[in-house]
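Below, each chain spelled out in residue letters.
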Amino acid sequence: MNSLFERARNTWSRVNLGSLAVPLLAIITAMLISSLVILISGADPVKAFSALAEGALGSQVAVVETLIKATPFLLVGLGIALAFRGGLFNIGVEGQLFVGSAVTVIIGYSFELPFYLHLPLALIGGMIGGAIWAGIPGWLKARYGAHEVITTIMFNYMALRVINWAIGTDGPMRAPRTTVPETSAVFESARLPILLADSRLHAGVLIAIAAVFLVYWLLWKTKIGFEIRTVGANPHAARYAGINVPFNTVLTMAISGALAGLAGGIQVLGLAPYNFTTGFNVGLGFDSIAVAVLGAIHPFGIALSSLLFGAMDAGSRLMQLRTKVPADVITITQGLILAFVAADQIIRGLYRIRVKADHAEKKISLSETWGGGD
Amino acid sequence: MDTLFFAGLITLALIKATPIAFGAMAGLMSERSGVINIAIEGMMLIGAMMSFLGSVLFNQWTGGALPKEVSLIVGLVVAMLSGALIALLHAWLSIRYKVDQIISGTVINLLAFGITNFTANAYIDAVRLSGVGIFPHINIPLLSDIPILGDIFFKHQPLVYLMLITVGVLQYALFRTRWGLRTRSVGEHPRAADTVGINVNRTRYINVVIGGALAGMGGAFLVLESVGRFQKLMTTGRGFIALAALIFGKWTSVGALGSALLFGFAEALGVRLQLGDINELEALALLIGIGISLLALVWVAIKLIKRSQDKRPASLIAIVGGAGLLFIVLALTVDFPNIQIPIQFLGLLPYFATVLVLAGFVGRAVAPAAVGKPYERG
């Protein structure tokens, strides 16, 4: 009886206003501070942000651009969140995205197949690439206790170097007759269909939306998801409950990497010029951490936060064009949002939001096994 | 290939290792006191930009009346202060607000990427701000006259010397002074430290902030001793490599310097390879030889520093060191066949080595016990 009451109260406190107010106020506060930065640089923040809004939502082209930009954030954010739920910090999503897009592009340009075979094959290849690139650090963690943050960062650089070599001068993936490091474009049959005539809106957006529900279903409606969350909540308890913790660690990382690899594949197959070049989606990994945390590491939350980040990215170009404010102000805003969401006490203190005692201290903690071992 | 070539290689490796070693020292300060620092990259980047702005703007302000060295020193100080300031934010988030330290580090990195790119686009590149120049080489009197060794160690720019001094001082301070004992106790067992009256959180604040200043120096090196001006994202991952060097060096400053040198050698060999001075197999053999020798050197250093605690037999060190030297000599004298290995693959070795160390394949690296855990007085 008592526990039922507790559960009801907990559920209620989870959907109370406070849980939505903090992220919203964090976004507003971050934008206010960014306005200050814009002001110092000698521009008008009101003009800048209205240009940003117009560039993100003002026209059909703008909305499409927002959706396209939100897609990789969404998929990578889901990947990071899934790892978070399993108690793992997959900070190396960028490398996994790289490997994923590399595998996808190889499958895409090497041969031609009917599209109903070629497209899925290319995407699945990318997912497997990403899964392996994350799975190895997962295995190193499970078997040898190597902290995934460092190993995945190292794996980022390894991926970067190998791929830069592969698309560099005389590299095996280098497109023939080109002066810049890039691969050939993938065949027509591997490209994602365009959903809206004469626009850049590709079907990858739908895949990303499907992934939201899939990840939700996986985490909360399946045995695998239950095990992932149990390991994340308490690996020792999970072990006693008979869950294979090492296997779960590898699996969690692999699924997380597969999502990042899928994002990489979609970027290659969905957007012109349908190839892989240097500087491909650099920085997406770190931004996506902010997306995942802002979205309360929940698939539905991440759907919203990735839309916001996508909109900011899409709108920043018009802002830069109109007001000469460098688009990089967005990165500052995103960093601040992450800071305020993670340190929600600052926001609560600033705006005098009271917290219910029982749900106040639910912090993310991933730093405990730094440097190996248990 | 001869001795002169090898000497030149060591000199270059030392230069390339300098920013990495500064970064690793920043990580050492922070993590020994129990605060994870994955924000070294961001701190270095801020330091690099501020050293540029500080030196250039000071030079403009004084109208160029003072020698350029004064402006460069001002730039260095500004870099240290700004590194310290952004580190204070990291400390504040992770100590005061108990934000997960990896998340907090990500915040710092994001902010640093944003701030430096923004400033570069809005100001530095927009007005085509040109640099003051770089620090001159300082030949240490007498010592620089020693044949070969003088060329390798005593004809550098000031920050290289400063780095070596910092590493030495930190190694001594961490294991021989009251401050070091406090820092280590706070990082290993904060509750015990608290019980004997050490202010855990204050110690952590101080360490993280000083670490930030060191990272700032590492960034400043890139501007004030190498490129001469600020370029966007010019640290290119050195902060993360510094983190790897710290772990590879098992959270000791001498060890971290050793691994920073290994990364430096890999970079220097890459340069030589591109110039066509050596071929791929020779470079690989050299790197392996250097790696083994460096390990022996670090062991010697640790034996000298911690005479009583080190249980490694001298014979083992001698054998490992000898093997390393033999490898180097072989690599330098034997003509290896020309096999094409991409340069980038040589650069993979340090990352690979870091993963191996972390996984415990090459000795166990044990982090400070309380690293990553916010302290709460109970």
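The rules behind each value
Residues numbered from 1 in each chain as written. Chains lettered and ligands numbered in written order. Predicted model: local features only at pLDDT ≥ 70, side-chain atom pairs only at ≥ 80, totals over all residues. Helix = DSSP H or I, 4+ residues; strand = E, 2+ residues; numbered from the N terminus. Buried ≥ 20, exposed ≤ 12 C-beta atoms within 10 Å, placed from the backbone. Axes fitted to C-alpha atoms, helices over the stretch in contact; angles between N-to-C directions. Parallel < 35°, antiparallel > 145°, perpendicular 65-115°, else oblique. Contact = placed C-beta atoms within 7 Å. Nonpolar A, V, L, I, M, F, W, Y, C, P; charged D, E, K, R; others polar. Core = buried A, V, L, I, M, F, W, Y, C linked by C-beta atoms within 7 Å. pLDDT = per-residue confidence, 0-100. Left-handed = near helix turned anticlockwise from the far one by under 90°.

(A) Quick look at the overall build of chain A. Each helix and strand counted, chain A has 16 helices and 0 strands in total. Each of the 374 residues in chain A was classed as buried or not, and the buried ones make up 55%.

(B) Quick look at the packing of helix 6 (residues 158-176) of chain B against helix 11 (residues 253-275) of chain B. Residue and element names in this part refer to chain B. Two elements in contact, helix 6 and helix 11, have axes whose closest approach is 8 Å; the angle formed by their N-to-C orientations is 150°. Overall, the two elements helix 6 and helix 11 adopt an arrangement that is roughly antiparallel. Between helix 6, through Val167, Leu170, Gln171 and Leu174, and helix 11, the contact on the second element is made entirely by Ser253, Val254 and Leu257. Of the residues that constitute the contact of helix 6 with helix 11, the class distribution is 5 nonpolar, 2 polar and no charged.

(C) Region of the structure containing helix 10 (residues 238-248) of chain B. All names here are of chain B. Most of helix 10 is tucked away, with 11 of its 11 residues classed as buried. Buried residues of helix 10: Arg238, Gly239, Phe240, Ile241, Ala242, Leu243, Ala244, Ala245, Leu246, Ile247 and Phe248, and no others. Looking one or two residues beyond helix 10, the residue adopting positive phi is lysine 250, at roughly 55°.

(D) Representation of the nonpolar core in the model. Counting 243 residues, the largest nonpolar core has Leu259 of chain A together with Ala21, Met25, Met43 and Ala245 of chain B as the members making the most contacts within it. Setting aside chain neighbours within four positions, we find alanine 21 of chain B in contact with Met163, Val167, Ala256, Leu257 and Ala260 of chain B.

(E) Spatial organisation of the confidence of the model for chain B. This prediction gives chain B a mean pLDDT of 88; 95% of its residues lie at or above 70. Complex prediction metrics read pTM 0.89 and ipTM 0.87.

(F) Representation of the packing of helix 1 (residues 3-32) of chain B against helix 6 of chain B. All names here are of chain B. Across the interface, helix 1 lies against helix 6 with an axial gap of 9 Å and an inter-helix angle of 30°. For the element pair helix 1 / helix 6, the angle class is roughly parallel. Judged by the sense of rotation from one axis to the other, the crossing of helix 1 with helix 6 is left-handed. Here Leu14, Ile15, Thr18, Ala21, Phe22, Met25, Leu28 and Arg32 of helix 1 come into contact with helix 6, specifically with Leu159, Val160, Met163, Thr166, Val167, Leu170 and Leu174. In the contact of helix 1 with helix 6, the residues fall into 12 nonpolar, 2 polar and 1 charged.

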